[in-house]
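Coordinate inspection notes
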Amino acid sequence: SSGINAEYGIVSEEKITVSNDTVTVYFKPTITHCSLATMIGLCLQTKLRQELGQGYKIDVFVEPGFHEKEDSVNKQINDKERRAAALEDPALFAMVEECLAEPEY
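Please read all numbers here as calculations on a predicted model, not as lab measurements.

1. Overview of the layout of surface pockets
Approximately 250 Å³ is the volume attributed to the second largest pocket. As for the second largest pocket, its lining consists of Gln45, Thr46, Arg49, Gln54, Lys57, Ile58, Asp59, Asn78, Lys80, Arg83, Ala84 and Leu87. Elements with a contribution of two residues or more to the lining of the second largest pocket: helix H2 (37-52), strand E3 (57-62) and helix H4 (80-88). If you tally residues by element for the lining of the second largest pocket, the top one is H4, at four residues.

2. Thoughts on unusual backbone geometry
As a rule of thumb, non-glycine residues mostly have phi less than zero, and peptide bonds are mostly trans rather than cis. One non-glycine residue with positive phi stands out, namely Asn20, at about 55 degrees. In this fold, Asn20 is placed in the loop between strand E1 (16-19) and strand E2 (22-27).

3. Regarding the nonpolar core
Here is a general trend for soluble globular proteins: nonpolar side chains tend to be buried in one another's company. Ranked by size, the top nonpolar core spans 13 residues in total, and within it Phe27 and Val60 carry the most contacts. Mapped by element, the contributors of at least two residues to this core are E2, H2, E3 and helix H3 (70-78). If we ignore the near neighbours within four places in the chain, the residues touching Val60 are Val25, Phe27, Gly41, Leu44, Gln45, Leu48, Asn74, Ile77 and Asn78. Among the nonpolar cores identified, the runner-up in size contains six residues, and Met39, Leu42, Val96 and Leu100 belong to it.

Conventions and cut-offs
- Here, residues in each chain are numbered from 1, in the same order as that chain's written sequence.
- Only residues with pLDDT of at least 70 get local features here, since the model is predicted, and only at 80 or more are side-chain atom pairs given and counted; chain-wide, interface and lining totals rely on the full set of residues.
- To obtain the side-chain values, all non-hydrogen atoms of the structure were used and water was disregarded.
- Residues are said to line a cavity or pocket when one of their atoms sits within 4 Å of a point; the points come from a 1 Å grid over protein atoms alone, cavities being sets where a 1.4 Å probe fits but cannot get out and pockets being open sets with protein on both sides within 12 Å along at least five of seven lines.
- Grid points are joined across faces, edges and corners, and a volume is the space filled by probe spheres set on the points.
- Strands are runs of DSSP state E lasting at least two residues, helices are runs of H or I lasting at least four, and both sets are numbered from the N terminus onward.
- Nine residue types can take part in a nonpolar core, namely buried Ala, Val, Leu, Ile, Met, Phe, Trp, Tyr and Cys, and a core is a set of them joined through side-chain atoms within 4.5 Å.
- We call a residue buried when its accessible area falls under 20% of the maximum for its residue type, exposed when it is over 50%, and partly exposed in between, using a 1.4 Å probe and counting protein chains only.
- We call two residues in contact when some of their heavy atoms are within 4.5 Å.

Honestly, it's all geometry; don't read function into it.
Structure below.
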């Protein structure tokens, strides 16, 4: 594993579950007031949707107790309308695209 996740331990394999057609991922923001928690969640949600397609229900949550605005972040990431609205913002969309771009070596 490489990149930011390996460095900061944001997602680990034991925090990912697959049950029938539902994929659930819990992630740990680097600090409890992390301003990028929603962006991290949107990136995870977007990447999983790209890789798995529409046949899966994808839930991405902040690991309980790891962010002071956990409920608000979880709602933003998992609510279809909120997620769509966020990704309509050109600056946010560009950040998500950059986050998901394959690294060039």
